[in-house]
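Take a look at the letters that make up each chain.
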Amino acid sequence: MQDNIAETKPLAPKAVPALGETAVYAKGEAVRILDRTPIGHYRVPLYLRGKHGVIESVIEPTGLNNEEEGYGRNAGSKLHYYRVAIPMTEIWPGYTGSPRDGLRIEIFETWLERN
Amino acid sequence: MAHEENGHDHDHDHSHAEIGQTERPGYYDNLETVVRELLVSKGYFGPDEIRRQIEVLDSRTPALGAMVVARAWADDAFRKRLLDDGRAACEELGITFYDQTGLIVLENTDKVHNLIVCTLCSCYPRPVLGLPPDWYKLKPYRARAVSEPRKVLAEFGTIIPDDVEIRVSDSTAMVRFLVLPKRPEGTEDFDEVQLAAIVTRDTMIGVVEASKDIRRGE
């Protein structure tokens, strides 16, 4: 994957985007994956909840929220997924590989907050 | 081995153990059967659709992914398009994405080694690689690939130097990943068919590196 891809395209000068249409987070932003334990179907693994990372890219186009789709609700719930980079040492304090090693995961917008 | 009880007494190396279901179906076996029969009886789909989808899955094998990798190695413009939009580039080669997933292709370089896993279950780039190997779906690989990837790689015989960054991509939602392995040295004269022949499934998961001396079995 190249570094220059999946950037949100700039809007035309007077075009107003719909709510949820533009990405809330930008490449390079520091984020935290929320530490929630909802009841039902979810796609954010436990080992990453509450961990800090950086937005590596915005995944275009917007996608369905898998957690809603799991119950057949798949209309109007499209938001962005983000490819988030998290250092292995952030996830595993005793990690023994290179300190540069990292994890990448796609996280739906509703599971992120600014760091 | 003599097998007189099976009506002959010559030595040979196959087992006469019956292949059969000897245990009662488990909870999830029953659940799958009941849900499938319910969906069929309600008319959501029928036996023909089930058969067709099995045929779709059976038609997808690592040979497709190998064709993609070989093209990327041989054609730099294609390689760029593949890294830019994995799904669109695969579609150029006639590979359809029947499951509505996206595809991000991760390029291995001298500085980065990519490995893919699905810690939640078994997300896998099925449109280009077919069904995942059993070990990919089992908990030891799923847990260890994200916590001690270098040890997992070493068990596959892959030693990654410490100055090479390991990037583990955990696929859990809409996007699937495919590793574009490094083109091995000594393949400068290979054509695309020869290149595709050395691209194994495991190189595209990232657990091993491509080698000019390995051939993918078909």
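Residues numbered from 1 in each chain as written. Chains lettered and ligands numbered in written order. Predicted model: local features only at pLDDT ≥ 70, side-chain atom pairs only at ≥ 80, totals over all residues. Heavy atoms only, no water.

Caption draft 1: Region of the structure containing the overall build of chain A. Counting its secondary structure elements, chain A contains 2 helices and 5 strands. The linear arrangement of helices and strands in chain A, starting from the amino end, is β-β-α-β-α-β-β. If you line up chain A on its principal axes, its C-alpha atoms span 50 × 35 × 25 Å. The proportion of buried residues among the 115 residues of chain A is 40%. Sequence separation of at least 24 residues holds for 64% of the intrachain contacts in chain A that already meet a minimum separation of 6. Total accessible area on chain A is roughly 6,300 Å²; 55% of this is exposed by carbon and sulfur atoms. (Helix = DSSP H or I, 4+ residues; strand = E, 2+ residues; numbered from the N terminus. Buried < 20%, exposed > 50% of the residue type's maximum accessible area, 1.4 Å probe, protein only. Contact = heavy atoms within 4.5 Å. Areas by Shrake-Rupley, 256 points an atom, 1.4 Å probe, with all protein chains shown as cover.)

Caption draft 2: Structural context of the overall build of chain B. Across its full length, chain B carries 11 helices and 4 strands. Principal axes of the C-alpha set define a box for chain B whose edges measure 60 × 55 × 35 Å. Averaging the positions of the 27 positive and the 39 negative side-chain charges in chain B gives two centres separated by 7 Å. (Lys, Arg positive; Asp, Glu negative; His and termini not counted. Charge placed at Lys NZ, Arg CZ, Asp CG, Glu CD.)

Caption draft 3: Up close: the confidence of the model for chain B. Averaged over all residues, the pLDDT of chain B is 92; the fraction at 70 or higher stands at 93%. Per-residue pLDDT stays below 50 along residues 1–6 of chain B; that stretch engages in 14 contacts with residues further than four places along the chain or on separate chains. (pLDDT = per-residue confidence, 0-100.)

Caption draft 4: Up close: the packing of helix α3 (residues 62–74) of chain B against helix α4 (residues 76–84) of chain B. Residues and elements named next belong to chain B. Contact geometry of α3 with α4 gives a least axis separation of 5 Å together with a crossing angle of 125°. Taken together, the axes of α3 and α4 are oblique relative to one another. On α4, the residues touching Val-68, Arg-71, Ala-72 and Ala-74 of α3 are Asp-76, Phe-78, Arg-79 and Leu-82. Split by residue class, the contact of α3 with α4 holds 5 nonpolar, no polar and 3 charged. (Axes fitted to C-alpha atoms, helices over the stretch in contact; angles between N-to-C directions. Parallel < 35°, antiparallel > 145°, perpendicular 65-115°, else oblique. Nonpolar A, V, L, I, M, F, W, Y, C, P; charged D, E, K, R; others polar.)

Caption draft 5: How the structure looks around the interface of chain B and chain A. Taken together, the contact pairs 28 residues of chain B with 24 residues of chain A. Approximately 2,300 Å² of surface area, both sides summed, lies buried where chain B meets chain A, with 52% of it carried by carbon and sulfur atoms. Connecting chain B to chain A are 2 salt bridges. We note a salt bridge from A:Arg104 to B:Glu165, for which the minimum N-O separation is 3.5 Å. Taken together, the links from chain B to chain A amount to 16 residue pairs in polar contact (both at pLDDT 80 or more). Elements with a contribution of two residues or more to the side of chain B that touches chain A: α4, β1 (102–107), α8 (139–147), α9 (149–155), β3 (165–170) and β4 (175–180) of chain B. Across the side of chain B that touches chain A, the residue classes break down as 14 nonpolar, 5 polar and 9 charged. One ladder, built from 4 bridges, connects strand β4 (residues 102–108) of chain A with β3(B); its direction is parallel. Among the inter-strand pairings, A:Gly102 is bridged to a residue of β3(B), identified as B:Arg167. (Buried area = accessible area lost by both parts, 1.4 Å probe. Salt bridge = Lys/Arg side-chain N within 4 Å of Asp/Glu carboxyl O. Polar contact = N/O pair within 3.5 Å; in protein donor to acceptor, adjacent residues only side chain to side chain. Pairing = 2+ DSSP bridges.)

Caption draft 6: Local environment of the packing of aromatic side chains. For the coordinates displayed, the defined rule picks out 9 aromatic pairs over all chains. On the basis of an interplanar angle of 65° and a centroid distance of 5.0 Å, the ring pair of B:Tyr124 and B:Tyr136 is categorised as edge-to-face. With B:Tyr124 in the loop between β2 (112–117) and α6 (126–129) and B:Tyr136 in helix α7 (residues 134–137), the pair connects residues that are 12 residues apart, well separated along the chain. Of the two residues, B:Tyr124 and B:Tyr136, neither departs from the other in class, the shared state being buried. Taking the ring centre of A:Trp111 as reference, the NZ or CZ of A:Arg36 above it sits at 4.2 Å. Positioned above the aromatic ring of A:Tyr42 is the side chain of A:Arg49, whose terminal nitrogen or guanidinium carbon lies 4.6 Å from the ring centre. (Phe/Tyr/Trp six-rings, centres within 6.5 Å; stacked < 30°, edge-to-face > 60°. Lys NZ or Arg CZ within 6 Å of the ring centre and 35° of its normal.)

Caption draft 7: Fine view of the pattern of salt bridges. Residue and element names in this part refer to chain B. Inspection of the entire model under this criterion finds 26 salt bridges over all chains. Its salt-bridge partner being Glu-92, residue Arg-81 comes within 2.7 Å of it at the nearest N-O pair. Here the residue Arg-81 occupies a position in helix α4, and Glu-92 occupies one in helix α5 (residues 86–92), the gap between them amounting to 11 residues. The exposure class assigned to Arg-81 is partly exposed, which follows from its relative accessible area of 36%. In this structure, Glu-155 and Arg-144 form a salt bridge, with 2.8 Å as the shortest nitrogen-oxygen distance. Here Glu-155 is found in helix α9, whereas its partner Arg-144 is found in helix α8, with 11 residues between them in sequence.

Caption draft 8: Just the sheet that holds β4(A), in detail. Taken in spatial order, the 7 strands of this open sheet run β5(A)-β1(A)-β2(A)-β3(A)-β4(A)-β3(B)-β2(B), and their pairing is mixed. What marks the edges here is a single partner per strand, and that holds for β5 (112–114) of chain A together with β2 of chain B. Across the sheet, the mean angle separating the axes of adjacent strands is 35° when strand polarity is ignored.

Caption draft 9: Up close: the nonpolar core. Grouped together as the largest cluster of nonpolar side chains are 75 residues, with contacts concentrated most on A:Leu103, A:Leu112 and B:Tyr141. With 6 residues, α3(B) is the single largest residue contributor to this core. Those residues in contact with A:Leu103 that sit more than four places away from it in its chain are A:Tyr47, A:Leu48, A:Val84, A:Ala85, A:Ile86, A:Met88, A:Ile91, B:Val146, B:Val168 and B:Asp170. (Core = buried A, V, L, I, M, F, W, Y, C linked by side-chain atoms within 4.5 Å.)

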